[in-house]
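Reading the structure
The lines below spell out each chain.
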Amino acid sequence: MSSIGTGYDLSASTYSPDGRVFQVEYAFKAVDNSGTCIGLRVKDGVVLAVEKLVPSKLLVKNANKRIMSADRHVGIATAGLMADGRHLVNRARSEAKNYRDIYKSPAPAAVIAERMAQYVQAYTLYSYVRPFGVAAIVAVMDQTGPGLFMIEPSGVYNGYYACAVGKGKQVAKTELEKLKLSEMTVEEAVKHAARIIYTVHDDVKDKDFELELSWICEASGGQHEFVPKGIADEAERLAKASLQDDDDMEEDTNA
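Bear in mind the structure is a predicted one, so any value in this text is a computation, not a measurement. (Residues numbered from 1 in each chain as written. Predicted model: local features only at pLDDT ≥ 70, side-chain atom pairs only at ≥ 80, totals over all residues. Heavy atoms only, no water.)

Turning our eyes to something else, we now look at the packing of aromatic side chains. Scanning the entire structure with this criterion turns up eight aromatic pairs. The interplanar angle of 40 degrees and the centroid separation of 4.5 Å between the aromatic rings of Tyr 99 and Tyr 103 together place this pair among those described as tilted. Here the residue Tyr 99 and the residue Tyr 103 both occupy positions in helix α2 (residues 82-103), the gap between them amounting to four residues, near one helical turn. Taking the centre distance of 4.7 Å and the plane angle of 55 degrees together, the rings of Tyr 123 and Phe 132 count as tilted. Classification of Tyr 123 as partly exposed rests on a relative accessible area of 24%. By way of ring pairs, the aromatic residues Tyr 119, Tyr 123 and Phe 132 are connected into one cluster. Taking the ring centre of Phe 226 as reference, the NZ or CZ of Lys 65 above it sits at 4.8 Å. (Phe/Tyr/Trp six-rings, centres within 6.5 Å; stacked < 30°, edge-to-face > 60°. Helix = DSSP H or I, 4+ residues; strand = E, 2+ residues; numbered from the N terminus. Buried < 20%, exposed > 50% of the residue type's maximum accessible area, 1.4 Å probe, protein only. Lys NZ or Arg CZ within 6 Å of the ring centre and 35° of its normal.)

Listed below in structure tokens is the structure:
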């Protein structure tokens with residue numbers, strides 16, 4: 001059976017002889033080439049963190065954010081093609097607004113995640129469209145408490161206590177598995193999220209990046225917003241100090 005996409009990767013509606021849809025796999029590659037995104041669901045909220053790679057020093061700082069709000073209680077972090085991410089967030093905004101118009105209440109976490117996933121999955125079915133080259137981490141605070149979901153380019157979605165996507169996802173997942181998330185507050189989660197993003201960043205291949213941090217918690221009134229500058233700056237300072245300590249220990253070991 002063929003392990004390459006020759007002849008079977010011309011359409012998202014075509015299966016290879018071994019049951020693979022190559023265009024969907026290529027979409028996953030686009031996500032894996034992006035900066036790392038992580039989400040942490042803790043006892044009193046959800047924290048999102050993004051390693052937004054900066055390809056040019058001419059770009060305006062803090063522009064083209066990868067963390068966006070779909071509703072007052074819904075935050076979305078995207079990894080992959082930025083234009084696809086914006087389109088998907090706009091769809092989530094439409095779904096959240098439609099739910100409010102019909103039911104006169106904010107959309108539950110599972111409803112937002114399911115509707116976004118169905119929309120993404122529809123783009124894997126037809127030959128005249130291509131799959132989304134983006135994965136989305138969705139943070140929601142509803143009546144049942146905090147919720148965290150990840151939607152993949154295939155349209156698969158799952159609920160998580162913590163998740164990671166992007167080029168540094170394997171290292172990030174290893175770090176996330178070490179955390180006691182059920183005992184952690186959002187303030188502590190912000191510090192760990194910043195540390196993990198700095199840990200996975202590759203200084204050799206990717207020189208510059210901006211750290212984006214947002215949360216939904218009791219401190220934010222149950223609304224999605226970016227972490228206050230003072231808290232974010234402190235988390236970033238501690239992350240840099242932790243990274244420097246690790247480098248010093250490695251140098252001592254090698255000496």
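The strand order β8-β1-β2-β9-β10 describes an open sheet built from five strands, whose pairing is antiparallel. Each edge of the open sheet is held by one strand with a lone partner, namely β8 (162-165) and β10 (225-226). Where strand β2 (residues 45-53) and strand β9 (residues 209-217) come together, nine bridges link them in antiparallel fashion. Looking at β9, one finds that Leu 48 is bridged to Ser 214. Sitting on the sheet, helix α4 (residues 169-177) is in contact with β1 (37-42) and β8, with an inclination near 165 degrees to β8. Its contacts with the sheet put helix α5 (residues 186-200) on β1, β2 and β9, and the angle it makes with β9 is roughly 155 degrees. (Pairing = 2+ DSSP bridges. Contact = heavy atoms within 4.5 Å. Axes fitted to C-alpha atoms, helices over the stretch in contact; angles between N-to-C directions.)

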